[in-house]
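Residues per chain, in single letters:
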Amino acid sequence: MKDEHRGRVTKDGIRIYEQGDFAGMHKAGELAALILDEMCERVVPGASTAELDDYIRGRVEEAGAKSATIGYRGYQHASCISVNHVVCHGIPGPKTLKDGDILNIDVTVIVDGWFGDSSRMYVAGKLSRKSERLIQVTHDALMAGIEAVKPGNTFGDIGFAIQQFVESHRMSVVRDFCGHGLGRVFHAPPNVLHYGRPGTGATLEEGMFFTIEPMVNLGRAETKVLADDWTAVTRDKSLSAQFEHSIGVTATGAEIFTLSPGGLFHPTFGS
Ligand code: MF3
Ligand code: CO
Ligand code: CO
(Lines give C-alpha, C1' and ligand atoms only; values in the text may rest on other atoms or scores of the structure.)
(Ligands and ions follow the chains in the order given, each with its own letter.)
Protein backbone atom coordinates (compact mmCIF):
# COMPACT_ATOMS: atom_id res chain seq x y z
CA MET A 1 0.00 0.00 0.00
CA LYS A 2 1.24 3.50 -0.71
CA ASP A 3 2.74 5.25 2.32
CA GLU A 4 0.26 8.09 2.51
CA HIS A 5 -2.65 5.63 2.66
CA ARG A 6 -1.37 3.81 5.71
CA GLY A 7 -2.75 4.53 9.15
CA ARG A 8 -5.84 6.67 9.71
CA VAL A 9 -6.90 10.19 10.58
CA THR A 10 -9.20 11.05 13.52
CA LYS A 11 -12.31 13.22 13.23
CA ASP A 12 -10.12 16.10 14.44
CA GLY A 13 -7.80 15.56 11.48
CA ILE A 14 -4.99 14.04 13.55
CA ARG A 15 -3.00 11.25 11.90
CA ILE A 16 -2.62 8.00 13.82
CA TYR A 17 0.75 6.41 13.07
CA GLU A 18 1.64 2.75 13.36
CA GLN A 19 3.94 0.92 15.74
CA GLY A 20 6.67 0.65 13.09
CA ASP A 21 6.65 4.43 12.55
CA PHE A 22 8.06 5.12 16.02
CA ALA A 23 11.53 3.95 14.91
CA GLY A 24 11.73 6.55 12.13
CA MET A 25 10.74 9.32 14.53
CA HIS A 26 13.35 8.15 17.04
CA LYS A 27 16.07 8.35 14.40
CA ALA A 28 15.10 11.87 13.33
CA GLY A 29 14.62 13.03 16.92
CA GLU A 30 17.96 11.63 17.97
CA LEU A 31 19.83 13.57 15.29
CA ALA A 32 18.15 16.84 16.31
CA ALA A 33 19.02 16.10 19.94
CA LEU A 34 22.62 15.14 19.16
CA ILE A 35 23.17 18.40 17.29
CA LEU A 36 21.63 20.34 20.19
CA ASP A 37 24.03 18.50 22.56
CA GLU A 38 26.95 19.65 20.43
CA MET A 39 25.87 23.28 20.79
CA CYS A 40 26.54 23.32 24.54
CA GLU A 41 30.26 23.95 24.24
CA ARG A 42 29.77 26.33 21.30
CA VAL A 43 27.48 28.76 23.07
CA VAL A 44 30.03 31.18 24.55
CA PRO A 45 30.33 34.96 24.82
CA GLY A 46 31.69 36.34 21.52
CA ALA A 47 30.14 33.64 19.30
CA SER A 48 27.71 34.95 16.68
CA THR A 49 24.38 33.27 16.17
CA ALA A 50 25.23 32.95 12.43
CA GLU A 51 28.31 30.92 13.40
CA LEU A 52 26.16 28.62 15.53
CA ASP A 53 23.73 28.19 12.64
CA ASP A 54 26.56 27.43 10.19
CA TYR A 55 27.71 24.64 12.48
CA ILE A 56 24.19 23.20 12.61
CA ARG A 57 23.79 23.37 8.83
CA GLY A 58 27.11 21.52 8.40
CA ARG A 59 26.18 18.80 10.90
CA VAL A 60 22.80 18.18 9.25
CA GLU A 61 24.52 17.76 5.87
CA GLU A 62 27.28 15.60 7.32
CA ALA A 63 24.62 13.28 8.79
CA GLY A 64 23.06 12.89 5.34
CA ALA A 65 19.87 14.52 6.63
CA LYS A 66 17.96 17.63 5.55
CA SER A 67 17.12 20.81 7.41
CA ALA A 68 13.34 21.26 7.58
CA THR A 69 13.62 25.01 8.07
CA ILE A 70 15.78 25.94 5.05
CA GLY A 71 13.26 26.93 2.39
CA TYR A 72 10.31 26.64 4.77
CA ARG A 73 8.05 29.60 3.89
CA GLY A 74 11.14 31.44 2.66
CA TYR A 75 13.17 30.87 5.84
CA GLN A 76 16.89 30.57 5.00
CA HIS A 77 18.52 29.03 8.08
CA ALA A 78 19.10 25.62 9.66
CA SER A 79 17.95 26.83 13.09
CA CYS A 80 16.06 29.51 14.93
CA ILE A 81 18.14 31.20 17.64
CA SER A 82 16.14 33.35 20.03
CA VAL A 83 18.17 35.49 22.44
CA ASN A 84 16.88 37.05 25.69
CA HIS A 85 13.54 38.79 24.97
CA VAL A 86 13.14 37.02 21.62
CA VAL A 87 10.31 34.52 22.13
CA CYS A 88 10.88 32.34 19.04
CA HIS A 89 11.86 32.34 15.36
CA GLY A 90 15.00 34.44 16.00
CA ILE A 91 17.02 34.65 12.77
CA PRO A 92 20.73 33.76 13.08
CA GLY A 93 22.96 36.72 12.24
CA PRO A 94 26.26 38.50 12.88
CA LYS A 95 25.37 39.74 16.35
CA THR A 96 27.60 38.16 19.00
CA LEU A 97 26.56 36.74 22.35
CA LYS A 98 27.34 38.65 25.55
CA ASP A 99 28.07 37.25 28.99
CA GLY A 100 24.77 36.31 30.62
CA ASP A 101 22.70 36.10 27.41
CA ILE A 102 20.18 33.26 27.41
CA LEU A 103 19.09 31.70 24.14
CA ASN A 104 16.89 29.04 22.65
CA ILE A 105 18.23 27.01 19.74
CA ASP A 106 15.53 25.22 17.72
CA VAL A 107 16.52 22.59 15.16
CA THR A 108 14.28 20.53 12.88
CA VAL A 109 15.79 17.80 10.72
CA ILE A 110 14.35 15.36 8.20
CA VAL A 111 15.78 11.82 8.31
CA ASP A 112 14.37 9.26 5.84
CA GLY A 113 11.30 11.48 5.51
CA TRP A 114 10.65 11.73 9.27
CA PHE A 115 10.78 15.08 11.10
CA GLY A 116 12.64 15.61 14.39
CA ASP A 117 11.94 18.97 16.05
CA SER A 118 13.46 20.08 19.35
CA SER A 119 14.71 23.17 21.13
CA ARG A 120 16.44 23.98 24.39
CA MET A 121 17.85 26.85 26.38
CA TYR A 122 21.54 27.74 26.65
CA VAL A 123 23.47 30.43 28.48
CA ALA A 124 26.55 32.30 27.27
CA GLY A 125 28.86 32.68 30.25
CA LYS A 126 27.35 33.26 33.63
CA LEU A 127 23.69 32.62 34.36
CA SER A 128 21.81 35.16 36.48
CA ARG A 129 19.44 34.02 39.21
CA LYS A 130 16.37 35.37 37.42
CA SER A 131 17.31 33.68 34.13
CA GLU A 132 17.95 30.45 35.96
CA ARG A 133 14.47 30.58 37.51
CA LEU A 134 12.85 31.27 34.13
CA ILE A 135 14.71 28.43 32.43
CA GLN A 136 13.95 25.98 35.23
CA VAL A 137 10.22 26.80 35.25
CA THR A 138 10.01 26.54 31.43
CA HIS A 139 11.78 23.18 31.40
CA ASP A 140 9.60 21.83 34.18
CA ALA A 141 6.46 23.16 32.45
CA LEU A 142 7.29 21.14 29.33
CA MET A 143 7.81 18.06 31.49
CA ALA A 144 4.49 18.66 33.29
CA GLY A 145 2.82 18.80 29.87
CA ILE A 146 4.45 15.52 28.81
CA GLU A 147 3.27 13.88 32.06
CA ALA A 148 -0.31 14.64 31.02
CA VAL A 149 0.13 12.67 27.79
CA LYS A 150 -1.68 9.33 27.71
CA PRO A 151 -4.57 7.85 25.71
CA GLY A 152 -7.92 9.14 26.99
CA ASN A 153 -6.55 12.47 28.23
CA THR A 154 -7.16 15.53 26.05
CA PHE A 155 -5.01 18.26 24.55
CA GLY A 156 -6.69 20.62 27.01
CA ASP A 157 -5.23 18.53 29.84
CA ILE A 158 -1.74 19.13 28.46
CA GLY A 159 -2.29 22.89 28.14
CA PHE A 160 -3.83 23.09 31.60
CA ALA A 161 -0.87 21.29 33.21
CA ILE A 162 1.58 23.70 31.59
CA GLN A 163 -0.41 26.86 32.31
CA GLN A 164 -1.07 25.94 35.95
CA PHE A 165 2.57 25.22 36.57
CA VAL A 166 3.85 28.42 34.93
CA GLU A 167 1.26 30.70 36.53
CA SER A 168 1.87 29.17 39.96
CA HIS A 169 5.39 30.61 39.57
CA ARG A 170 4.01 34.02 38.55
CA MET A 171 5.26 33.79 34.98
CA SER A 172 3.25 33.94 31.71
CA VAL A 173 2.57 31.36 29.01
CA VAL A 174 2.78 32.73 25.46
CA ARG A 175 -0.51 32.20 23.60
CA ASP A 176 0.52 33.40 20.16
CA PHE A 177 2.48 30.25 19.24
CA CYS A 178 1.77 26.58 19.81
CA GLY A 179 3.07 23.05 19.33
CA HIS A 180 1.96 20.97 16.38
CA GLY A 181 1.43 17.53 14.97
CA LEU A 182 4.40 16.24 12.97
CA GLY A 183 5.62 13.00 11.46
CA ARG A 184 6.21 12.81 7.76
CA VAL A 185 5.30 16.52 7.67
CA PHE A 186 6.61 19.49 9.66
CA HIS A 187 3.38 21.09 10.83
CA ALA A 188 0.13 19.10 10.96
CA PRO A 189 -3.02 19.14 13.13
CA PRO A 190 -3.55 19.58 15.98
CA ASN A 191 -2.43 22.95 17.31
CA VAL A 192 -0.98 22.00 20.69
CA LEU A 193 -1.86 24.91 22.97
CA HIS A 194 0.22 25.51 26.08
CA TYR A 195 -2.78 26.73 28.06
CA GLY A 196 -6.29 25.38 28.40
CA ARG A 197 -8.99 23.69 30.44
CA PRO A 198 -9.04 20.06 31.54
CA GLY A 199 -11.15 17.74 29.42
CA THR A 200 -11.34 20.10 26.42
CA GLY A 201 -9.94 19.62 22.94
CA ALA A 202 -9.23 16.44 20.99
CA THR A 203 -8.71 13.17 22.87
CA LEU A 204 -5.23 11.65 22.80
CA GLU A 205 -4.82 8.29 21.09
CA GLU A 206 -1.92 5.90 20.79
CA GLY A 207 0.05 6.67 17.62
CA MET A 208 -0.35 10.46 17.65
CA PHE A 209 2.95 12.30 17.06
CA PHE A 210 3.29 15.97 18.07
CA THR A 211 5.50 18.59 19.69
CA ILE A 212 5.05 20.35 23.00
CA GLU A 213 7.05 23.58 23.05
CA PRO A 214 5.95 26.06 25.71
CA MET A 215 7.29 29.61 25.62
CA VAL A 216 7.32 31.32 29.02
CA ASN A 217 7.85 35.03 29.74
CA LEU A 218 9.04 36.60 32.99
CA GLY A 219 6.69 39.51 32.29
CA ARG A 220 3.47 39.64 30.30
CA ALA A 221 2.42 37.05 27.70
CA GLU A 222 1.98 39.43 24.74
CA THR A 223 4.32 39.16 21.78
CA LYS A 224 4.90 41.02 18.54
CA VAL A 225 6.61 40.04 15.30
CA LEU A 226 9.36 42.35 14.04
CA ALA A 227 9.54 43.85 10.53
CA ASP A 228 11.63 40.88 9.31
CA ASP A 229 8.32 38.92 9.54
CA TRP A 230 9.89 36.17 11.69
CA THR A 231 11.41 37.39 14.95
CA ALA A 232 8.82 37.28 17.76
CA VAL A 233 9.65 39.30 20.87
CA THR A 234 7.95 40.04 24.18
CA ARG A 235 6.05 43.32 23.95
CA ASP A 236 7.27 44.37 27.39
CA LYS A 237 10.90 43.36 26.60
CA SER A 238 10.88 40.80 29.42
CA LEU A 239 13.02 37.67 29.12
CA SER A 240 11.50 34.61 27.43
CA ALA A 241 12.43 30.91 27.42
CA GLN A 242 11.31 27.79 25.53
CA PHE A 243 11.90 24.04 25.50
CA GLU A 244 10.55 21.66 22.85
CA HIS A 245 10.32 17.88 22.52
CA SER A 246 8.80 15.77 19.75
CA ILE A 247 6.80 12.92 21.28
CA GLY A 248 4.60 9.95 20.40
CA VAL A 249 1.61 8.70 22.36
CA THR A 250 2.01 5.09 23.52
CA ALA A 251 -0.54 2.72 25.12
CA THR A 252 0.37 4.03 28.58
CA GLY A 253 1.92 7.48 28.14
CA ALA A 254 4.46 9.27 25.97
CA GLU A 255 7.68 8.34 24.24
CA ILE A 256 10.09 11.26 23.78
CA PHE A 257 11.79 11.15 20.37
CA THR A 258 14.22 14.00 21.05
CA LEU A 259 15.89 12.81 24.28
CA SER A 260 19.45 14.10 24.66
CA PRO A 261 22.04 11.36 24.02
CA GLY A 262 24.40 13.16 26.42
CA GLY A 263 21.83 13.94 29.11
CA LEU A 264 22.19 17.63 28.22
CA PHE A 265 18.59 18.59 27.46
CA HIS A 266 18.80 21.06 30.31
CA PRO A 267 22.37 22.15 29.49
CA THR A 268 22.53 24.93 32.03
CA PHE A 269 22.08 22.50 34.92
CA GLY A 270 22.56 19.02 33.43
CA SER A 271 19.91 16.28 32.84
N1 MF3 B 1 11.05 24.55 14.67
C2 MF3 B 1 9.99 25.51 14.78
C3 MF3 B 1 8.86 24.80 15.48
O4 MF3 B 1 9.07 24.36 16.57
C5 MF3 B 1 9.55 26.05 13.47
C6 MF3 B 1 10.53 26.93 12.85
S7 MF3 B 1 9.97 27.41 11.31
C8 MF3 B 1 11.16 28.45 10.78
O9 MF3 B 1 7.79 24.57 14.98
F10 MF3 B 1 10.93 28.61 9.53
F11 MF3 B 1 11.12 29.55 11.49
F12 MF3 B 1 12.34 27.88 10.97
CO1 CO C 1 7.92 22.65 16.70
CO1 CO D 1 11.08 23.62 16.80
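Everything here concerns the structure above.
In this report, the structure presented in the accompanying data block is examined. (Residues numbered from 1 in each chain as written. Chains lettered and ligands numbered in written order. Predicted model: local features only at pLDDT ≥ 70, side-chain atom pairs only at ≥ 80, totals over all residues. Heavy atoms only, no water.)

### Things to note about the overall build of the protein
Under the convention used in this document: Only DSSP runs of H or I reaching four residues or more are called helices, and only runs of E reaching two or more are called strands; each is numbered from the N terminus. We compute the radius of gyration from the C-alpha atoms alone; for a globule the expected value is 2.2 Å times N to the 0.38, where N is the number of residues. Throughout this description, buried means an accessible area under 20% of the type-specific maximum (1.4 Å probe, protein chains only), exposed means over 50%, and partly exposed covers the range between. Two residues form a contact once any of their heavy atoms are found within 4.5 Å.
Within the protein one finds 4 helices and 17 strands. Relative to a compact globule of 271 residues, whose C-alpha radius of gyration would be 18 Å, the protein shows 17 Å and is just as compact. Based on the C-alpha atoms only, the size of the protein along its principal axes is roughly 50 × 45 × 35 Å. Looking at the protein as a whole, 55% of its 271 residues are labelled buried. In the protein, once contacts between residues fewer than 6 apart in sequence are set aside, the share between residues at least 24 apart is 70%.

### Examining the site of ligand 1
Going by this rule: A cutoff of 4 Å decides nearness: a residue is near a molecule or strand if any of its heavy atoms lies inside that distance of it. Between N or O atoms, a polar contact is any pair within 3.5 Å; within protein, one atom must be a potential hydrogen donor and the other a potential acceptor, and residues adjacent in sequence are included only when both atoms are from side chains. Computed by Shrake-Rupley with a 1.4 Å probe, the accessible areas treat only the displayed protein chains as cover when residues are assessed. Throughout, the ten residues Ala, Val, Leu, Ile, Met, Phe, Trp, Tyr, Cys and Pro are labelled nonpolar, Asp, Glu, Lys and Arg are labelled charged, and all others, Gly among them, are labelled polar.
Around ligand 1, the surrounding shell holds 14 residues, and the nearest of these are Thr69, His180, His187, Glu213 and Glu244. Contact distances for ligand 1 include 3.1 Å between an oxygen atom and a side-chain N or O atom of Asp117. In the model, an oxygen atom of ligand 1 is placed 3.0 Å from a nitrogen or oxygen of the His180 side chain. The fraction of the free accessible surface of ligand 1 (340 Å²) that becomes covered by protein chains is 96%. Of the residues in the shell around ligand 1, the class split is 5 nonpolar, 5 polar and 4 charged.

### Points about the nonpolar core
As a rule of thumb, nonpolar side chains are buried together in soluble globular proteins. Put simply, the rule is: Working definition of a nonpolar core: buried Ala, Val, Leu, Ile, Met, Phe, Trp, Tyr and Cys residues. They are joined through side-chain atoms within 4.5 Å.
Core analysis: the largest hydrophobic core is formed by 35 residues, its most contacted members being Phe155, Ile158, Phe210 and Ile212. Of all elements in the fold, only strand 7 (114-123), helix 3 (129-147), helix 4 (155-168), strand 11 (209-212) and strand 16 (245-249) reach the threshold of two or more residues within this core. Ranked by residues supplied to this core, first place goes to helix 3 with 6 residues. Excluding its chain neighbours within four sequence positions, the residues that come into contact with Phe155 are Ile14, Pro190, Val192, Thr200, Ala202, Leu204, Met208 and Phe210. Residues Leu52, Ile56, Ala65 and Ile110 belong to the second largest nonpolar core, which totals 33 residues.

### Focus: unusual backbone geometry
Here the residue pair Pro189 and Pro190 is connected by a cis peptide bond, since its omega of 5° sits within 30 degrees of zero. Along the polypeptide, Pro190 turns up in strand 10 (residues 188-192). A positive phi is found at Arg170, a non-glycine position, where the angle reads about 60°. Structurally, Arg170 is set in the loop between helix 4 and strand 8 (172-173). Exposure remark for Arg170: the relative accessible area of 77% places this residue in the exposed category.

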